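# A closer look at the structure
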Amino acid sequence: MKTAGIIVEYNPLHNGHAWQLQKVKETLGKDTAIVVVMSGPFTQRGEPAVLDKWTRARMALACGASLVLELPVPYATASAERFAFGGVQVLAATGITKTLVFGSEHGALPDLMDLASLLADETPAFKTALQGYLETGLSFAAARQLAVAAQLGDNQKAALLKSSNNILGIEYLKAILRLPAKKRLEPITFQRQGQGYLDPSPASHFASATAIRQVIASGRDNPAFLLQHLAHAMPPEALGILLEAVAQHTGLVLHEDLAVPLLALLRTRKPEDLYPYPGMGEGLAQRLHEFARRPEGQDNGENRLSQLVESAMSRRLPRTRVQRALLNLLLNLTASDLEQFDAAGGPAYIRVLGFDKSGRYLLKLMRQKASLPLITRGSDFHEHLNDLNLQRQAQFDLAGTDLWSILAGSSSGADFDRPVVIR
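Throughout what follows, the structure given in this document is the object of discussion. Every value quoted in this text rests on a predicted model; they were computed, and no experiment measured them.

## Section: the nonpolar core
With 86 residues, the main nonpolar core has Leu67, Val88, Tyr172, Met280, Leu288 and Leu326 as its most contacted residues. Residues contacting Met280, with those up to four places away along its chain left out, are Leu274, Tyr275, Ala285, Leu288, Ala325, Leu326 and Leu329. Of all hydrophobic cores here, the second largest spans 46 residues; its members include Met59, Ala233, Ala238 and Ile241.

## Notes on the packing of helix α5 (residues 109-120) against helix α7 (residues 140-152)
One way to put it is that α5 packs onto α7 with a least axis distance of 11 Å and a crossing angle of 100°. With respect to α7, the axis of α5 lies roughly perpendicular. Seen from α5, the contacting residues are Leu115, Leu118 and Leu119; seen from α7, they are Arg144, Val148, Gln151 and Leu152. Its residues assigned to classes, the contact of α5 with α7 shows five nonpolar, one polar and one charged.

## A short note on the packing of helix α18 (residues 335-343) against helix α20 (residues 388-407)
Between α18 and α20, whose axes approach to 11 Å, the crossing angle comes to 130°. Accordingly, the angle class assigned to the pair α18 and α20 is oblique. In the packing of α18 onto α20, the handedness of the crossing is left-handed. Only Leu388, Asn389, Arg392, Gln393 and Phe396 of α20 make contact with α18, whose side of the interface consists of Asp337, Gln340 and Phe341.

## Concerning α18
Taken as a whole, α18 has its buried residues at Asp337, Leu338 and Phe341. Angularly, the buried residues of α18 cover 95° about the axis, an arc narrow enough to put them on a single face. Away from its buried face, by an angle of more than 90 degrees, α18 presents the exposed residues Glu339 and Ala343. Tucked inside the fold, the buried residues of α18 contact α3 (73-76), α4 (80-93) and α20. With its phi angle positive at about 110°, Gly345 sits one or two positions after the end of α18.

## Considering the pattern of salt bridges
As enumerated under the stated definition, the model contains 18 salt bridges in all. Its salt-bridge partner being Asp342, residue Arg82 comes within 2.4 Å of it at the nearest N-O pair. Of this pair, Arg82 sits in helix α4 while Asp342 sits in helix α18, and the two are 260 residues apart along the sequence. Between Asp114 and Lys157 there is a salt bridge, and its shortest N-O distance comes to 2.7 Å. Within this pair, whereas Asp114 is found in helix α5, its partner Lys157 is found in helix α8 (residues 155-158), the two being separated by 43 residues in sequence. Assessed through its relative accessible area of 37%, Asp114 is described here as partly exposed. Residues participating in the shared-partner salt-bridge network are Glu81, Arg144, Glu171, Lys174 and Arg178.

Calculation rules
- Residues numbered from 1 in each chain as written.
- Predicted model: local features only at pLDDT ≥ 70, side-chain atom pairs only at ≥ 80, totals over all residues.
- Heavy atoms only, no water.
- Core = buried A, V, L, I, M, F, W, Y, C linked by side-chain atoms within 4.5 Å.
- Buried < 20%, exposed > 50% of the residue type's maximum accessible area, 1.4 Å probe, protein only.
- Contact = heavy atoms within 4.5 Å.
- Axes fitted to C-alpha atoms, helices over the stretch in contact; angles between N-to-C directions.
- Helix = DSSP H or I, 4+ residues; strand = E, 2+ residues; numbered from the N terminus.
- Parallel < 35°, antiparallel > 145°, perpendicular 65-115°, else oblique.
- Nonpolar A, V, L, I, M, F, W, Y, C, P; charged D, E, K, R; others polar.
- Left-handed = near helix turned anticlockwise from the far one by under 90°.
- Arc of directions from axis to C-beta.
- Salt bridge = Lys/Arg side-chain N within 4 Å of Asp/Glu carboxyl O.

So this is what it looks like as structure tokens:
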């Protein structure tokens, strides 16, 4: 049986994702088993997933995945480089996944690999050029693009670093290049279909996840509204699961739902208390602290978190970095925690969220070949009490799921109560 891995968020799963799953089977064979590594309660942009991780695992299995694994919170909520590193490490650790499939705006692997090779092994000349551009006040993304162009002498190829899925794909390739040769995955990229990731229009058949989440925000308690506006944008299987969750009031969480706990935290902390959290440099801690204590300009309605984020943004501090820094604060995830996890090799376990018949067979193989412990529910963590690194990493997954559940109006402890999804 062939296996292919995909690193995803499915927030929520839409037609573009379903197209990719189908394309994998068309390319590698219809009997290919797809292993999905999926973000859990929070995503790479520092936002909560709209649906819980088990519901999104159901969507994945219904649309063609065979096995759904969870990307640990410290990697799921991080920069593109750390997100990609964590996902690739989980796939490699399964011992049974040989191929990594990802989408990109460019769709041509050789050009992306050229960029990955340069960035995976930065030369002194590249580092000097990058630092020079950063000192002019440019954002990291803009400075890196200019430094790459200077090293390659190819502005067109460097411009690939402007597109979000190209950037993430290059980070996947960097992570693959850093694996031991015997563990390296074979990369395949498909050109991304439809809208850009941040395109806000929901009208397209390949509407972006951002556009779909905006529709959900407008009708989070109205299944009829969601059916009317999302029937063209989501596979019927995934849309049905979304509508079921809405009808049963099992919980939808939006970014703005984090406003109250975050503002409460900021009101009780000094700026220096925020420094240990990743992303809080360059004056961000001070700006967040000042806004939280300034009543003027704060809308007490539905946009308090958006206003907080926008008050702190700058050319060097884009929205996603501010949102991730705030989420790190809320989860109490410090820079020293991330350093500890990276020093220990990345993700410390393989968390199983769901599987179908083929996935059950893959799990049987993984019990023989996986290089990390397999976890199917929260109680399994108790079998590894002597592994302090694993226990610390697990704390963030458990706390993240509890936080998401509370925001959704549910009780905590879901990681211990919810069974693996079986299709």
